[in-house]
Each structure stands twice: as structure tokens, then as C-alpha cells.
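A closer look at the structure
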Amino acid sequence: MAGVLLWVVCPKGNATALLSLIPRSGKHKRCRVHQKVKFSTGVSAISSAVANPARSSEEKVYDVVLKQAALVKEQRGKKPLDLGTRTETDGFTDWDLLNEAYDRCGEVCAEYAKTFYLGTLLMTPERRRAVWAIYVWCRRTDELVDGPNASHITPRALDRWEKRLDDLFEGRPYDMLDAALSDTVSKYPVDIQPFKDMIEGMRLDLRKSRYMNFDELYLYCYYVAGTVGLMSVPVMGIAPESKASVESVYNAALALGIANQLTNILRDVGEDARRGRIYLPQDELAQFGLSDDDIFRGQVTDKWRNFMKDQIKRARMFFDEAEKGVSELNAASRWPVWASLLLYRQILDVIEENDYNNFSKRAYVGKVKKFASLPVAYGRALMGTSKLF
Ligand SMILES: CC(C)=CCC/C(C)=C/CC/C(C)=C/CC/C(C)=C/[C@@H]1[C@@H](COP(=O)(O)OP(=O)(O)O)[C@]1(C)CC/C=C(\C)CC/C=C(\C)CCC=C(C)C
Ligand SMILES: [Mn+2]
């Protein structure tokens, strides 16, 4: 396997080196709450948006939600998947190497997202390592446009990354970390579309630095973060006792990604502006009497405070929407999700505490608050109530 060579070059314990093996390229950023619109049967995915530009981003994204939900329902009808940890060699795949690849994914995850990693330890071993594999692929994809080599990335490099994605979904992984994901997607009903859409988000970041309205921003947030929700729920699983529709759970997962990304954008306004980027809806800025120049000047004025209050309100609506879905997940998967939701949502509180100065002050949730959230998340994870049907 070509990946073995890369494995040798990147010995165990050096996650950063492994991540730096991928082609890199500018920092990207990654939303009104989903309207409860009923769409036809829509399994056509994002690409159909090009054919019908009049459709809103929420409608286009909802097609992907339906497609992923349909795949999960189809899988439910089949015999249970063989999720055992294999040890034999079948001539093509070396199971020891595969186990090692998953371990590496866990190490990368522990290095980059400690709290999330801790949360995954509550999951079953099979689910845990599959989520790690997805995490690592997302992290590597993000590193392409957000890592040290970001300035060298070209659309062609992203095309090559997408080709690698196609290959790993077809059982031809390029390296060990891809091999872990390739194994995961062969065992869980994970659709390729959200992965492709994340890459599309990175492409968007290469060519776009302004968002005319919330519809445009929503699509971007879906690409770079909503997709994460759609990729991970097939692995985390829906509780067998859940009475919620599969679609509603996936909608909540999407909402959590959108909420996280909106929060990320609001936290990083100053940092992004220094890179010439404004991930805020231009029409809404104008409604509050604000322009790009105000963002570049970075003065906290009453106009800015009022604008920010509105943006924070919207992000919180997405978090509220997401909350309804967490209790529908498998009990063992709920804790990391609650933890990530509670931690990320607190960033919005800190922006308020900072009197909306997100130009020169980074909203940071302190260690004490962070750790205090973990038992709260655990308590919520224990309360499994169905609110979505
Ligand atoms: C339990 C859990 C959180 C699982 C998700 C695990 C996973 C696969 C995470 C991948 C995250 C990742 C590396 C995404 C790449 C793009 C990216 C960086 C997005 C931003 C994340 C925050 O990162 P950071 O603060 O480091 O940002 P900077 O790089 O510094 O700019 C995002 C803002 C979005 C991440 C999105 C999620 C974590 C969505 C999670 C949603 C679910 C797990 C669905 C839960 C299910 C229900 C029903 C609610
Ligand atoms: Mn990033």
C-alpha cells in the first residue's frame, strides 16, 4: 500500500508531521434556523443547485440531509454490520496496520481536540475509532486551507484531495489515515456527499471573501461545518428507542454544525478582517448602517453592538435547534456532543461579556468554565427524552 511508505516517514507520536504530509493551501471560515419546509422527494444533492439557482441554500442543503437519512434507513433494513476488530490478513488489507491506523487517528484527535477525544472514550470502541477517522479527515481537509502551507494551495490540489476521497470510498486508500476512513465508510452508512461538500467549502474559500446575504453564508457554513454533523451521526448512531424521524435528527446535526460555524465567525471577526475576509452578511451590515470599512477600523460602536446582538441571537437559535436532536442519539454518543455544544455556545456569552469587542479580543472560554461544563454535559447525556417527533 502506498500509505505504508508515508507511515514509515511519519513515525508514531508525530501527528503534526502526518498532517503536514498533505498538500496545504488561506484560512477559511466556515447561518435563520432551518425552515420546516417540506420538499418533494429530493435526493439530488447540492449539485442540482446549479441547475436551479432559484432554490434557497436551505432547500439545497436539505436535499443532502434527505439523501443521508435515506441511506441510514436503507441500512436499518439490512442485517447488522460486522463491526468487529479484525486481526487476520486477507491478502489485501493488513488488519494490524488498520488497527494501528485507527490508533493514529485517536492520537491526532487527542492532540488537536482533547475534550472531544475524552468524550469519545465513552463510545463503543468501534464507534469511537470511526469518529476519530472522520475527525482526522476533516482536520486534514481544514489544514489544506488553514495550515502553514495554506498560501500554496490551489484548486487543483483540492481536486487531487477529492480524487483521493473518491478512491478511499471505493476501497483504495492512499495512506494509513485514509485507510482508517476507508474502513469506516465501508462499515457505516456514510454518504460521500458531505465529504465532497466540505472540499467544496474549501474551494469557496479560495475564491470568495464576502457573503452578500445570509443565504450565501448559510451555504458556506453547511459546507465547512454542517457537513461534519451529517458525517458523524451515521457513526454515532440514533438511539434504538428514539421516536424521532431520522430526517429530524440529521437536521439537528446540521444545525449544530451551522451554529458552531456561525459562532466561530463571530469570534474571529477581527482576525479574519486582518486577512481581508469578512464572513458576515453584507446586506445585514448595511441594514445596521455598517460597511467593510467599519469592520477594518474595528471600533465597537452602538451600531456594531446592535448588529452583533442580532447575529448572536441567530446563532443561539441554531444551537436551540441542535439541542433537540442530541437526546435522540445513542446514549454513549451524547456526552461528546453535549460537551461540544455547551462549550461552543459559551463563546457567544463571552463575546457579550467582552462588550462585543471581537475585533481585538478573542472570546475565550476559560479552563474552569470548560471543565465545569463537562459534568453538565454528562448529566444531559443521561437524560434521554424524545423532543423531535
Ligand atoms: C462529537 C463531535 C463534536 C463530533 C464531531 C467530530 C468531528 C468529525 C469533528 C471534525 C471537526 C473538524 C476538524 C472540522 C473541519 C472544519 C472545521 C475546523 C470546522 C470548525 C470547527 C471548530 O474548529 P476550531 O474552533 O478549531 O476552528 P478553527 O479551525 O480554529 O477556525 C467548526 C466550527 C465546526 C465543527 C462542527 C462540528 C463539531 C459539528 C458537530 C455536529 C455533530 C457532531 C452532530 C451532533 C448530532 C446532533 C443530533 C446534534
Ligand atoms: Mn480551522
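Overview of the structure.

What counts, and where the lines are drawn
- Residues numbered from 1 in each chain as written.
- Chains lettered and ligands numbered in written order.
- Predicted model: local features only at pLDDT ≥ 70, side-chain atom pairs only at ≥ 80, totals over all residues.
- Heavy atoms only, no water.
- Patch = residues over 30% accessible without salt bridge, like charges linked within 9 Å, V, L, I, M, F, W, Y side chains within 5 Å.
- Areas by Shrake-Rupley, 256 points an atom, 1.4 Å probe, with all protein chains shown as cover.
- Salt bridge = Lys/Arg side-chain N within 4 Å of Asp/Glu carboxyl O.
- Buried < 20%, exposed > 50% of the residue type's maximum accessible area, 1.4 Å probe, protein only.
- Core = buried A, V, L, I, M, F, W, Y, C linked by side-chain atoms within 4.5 Å.
- Helix = DSSP H or I, 4+ residues; strand = E, 2+ residues; numbered from the N terminus.
- Contact = heavy atoms within 4.5 Å.
- Expected span 1.5 Å × (residues − 1).
- Phe/Tyr/Trp six-rings, centres within 6.5 Å; stacked < 30°, edge-to-face > 60°.
- Lys NZ or Arg CZ within 6 Å of the ring centre and 35° of its normal.

**Overview of a nonpolar patch on the surface**
Together, Leu122, Tyr378 and Leu382 make up an exposed nonpolar region whose accessible area comes to about 310 Å². Overall, Tyr378 belongs to the partly exposed group, its relative accessible area being 39%.

**Section: the nonpolar core**
Grouped together as the largest cluster of nonpolar side chains are 113 residues, with contacts concentrated most on Trp137, Leu280 and Trp304. Counting residues per element, this core draws most heavily on helix α11 (residues 214–236), at 15 residues. Beyond its immediate stretch of four places on either side in the chain, Trp137 contacts Trp161, Leu165, Leu168, Asp178, Leu181, Phe195, Met198, Ile199 and Met231.

**Digging into helix α17 (residues 331–353)**
For an α-helix the count is 3.6 residues per turn, leaving residues at separations of three or four pointing the same way. With 23 residues, α17 should reach 33 Å at 1.5 Å per residue; the first-to-last C-alpha distance of 34 Å fits that figure. Two residues or fewer past α17, Asp355 is found with a positive phi of approximately 55°.

**Section: the environment of Tyr117**
Mapped onto the fold, Tyr117 is located in helix α6 (residues 114–120). On the accessibility criterion, Tyr117 (22% relative accessible area) is partly exposed. For the pair Tyr117 and Met176, spaced 59 residues apart in sequence, the C-alpha separation works out to 20 Å. When neighbours within four sequence positions are excluded, Tyr117 is seen to be in contact with Gly106, Cys109, Ala110 and Trp132.

**Quick notes on the packing of aromatic side chains**
Considering all chains together, one arrives at 16 aromatic pairs under this definition. Both rings, one in Phe169 and one in Phe195, keep their centres 5.3 Å apart while their planes meet at 70°; by these two values the pair is edge-to-face. Separated by 26 residues along the polypeptide, Phe169 in helix α8 (residues 155–169) and Phe195 in helix α10 (residues 193–207) bring together distant segments of the chain. Judged by relative accessible area, which is 22%, Phe169 ranks as partly exposed. For the ring pair Phe214 and Tyr218, a centre distance of 6.2 Å and an interplane angle of 65° mean the geometry is edge-to-face. Placement of the pair is Phe214 and Tyr218 together in helix α11, with a separation of four residues, close to one helical turn. Judged by relative accessible area, Tyr218 falls into the buried class, the value being 1%. Within the aromatic cluster, the residues linked to one another by ring pairs are Trp137, Trp161, Phe169 and Phe195. When the ring centre of Phe214 is taken as origin, the NZ or CZ atom of Arg314, which lies over that ring, is 3.8 Å away. Looking at Arg380, its charged tip hangs above the ring of Trp338, at a distance of 5.0 Å from the centre.

**So, helix α18 (residues 367–382)**
In this model α18 runs 24 Å from its N-terminal to its C-terminal C-alpha over 16 residues, within 8% of the 22 Å that 1.5 Å per residue would give. Considered for burial, the residues of α18 that qualify are Ser373, Leu374, Ala377 and Ala381. At its buried positions, α18 is contacted by α6 and α17.

**Quick notes on the environment of Pro375**
With respect to the helices, strands and loops of the structure, Pro375 is situated in helix α18. In this structure Pro375 comes out as exposed when scored by relative accessible area, which is 55%. Sequence separation between Pro375 and Thr124 is 251 residues, and the spatial gap between their C-alpha atoms is 20 Å.

**As for the side chain of Ser182**
Positionally, Ser182 belongs in helix α9 (residues 176–187). On the basis of relative accessibility, which here comes to 9%, the residue Ser182 falls in the buried class. In contact with Ser182, not counting residues within four places along its chain, are Leu168, Gly171, Arg172 and Pro173.

**So, the pattern of salt bridges**
Counted under the stated rule, the structure contains 38 salt bridges. In this structure, Arg203 engages Glu200 in a salt bridge whose closest nitrogen and oxygen atoms are separated by 2.9 Å. In this pair, Arg203 and Glu200 are both assigned in helix α10, three residues apart and thus about one turn of the helix distant.

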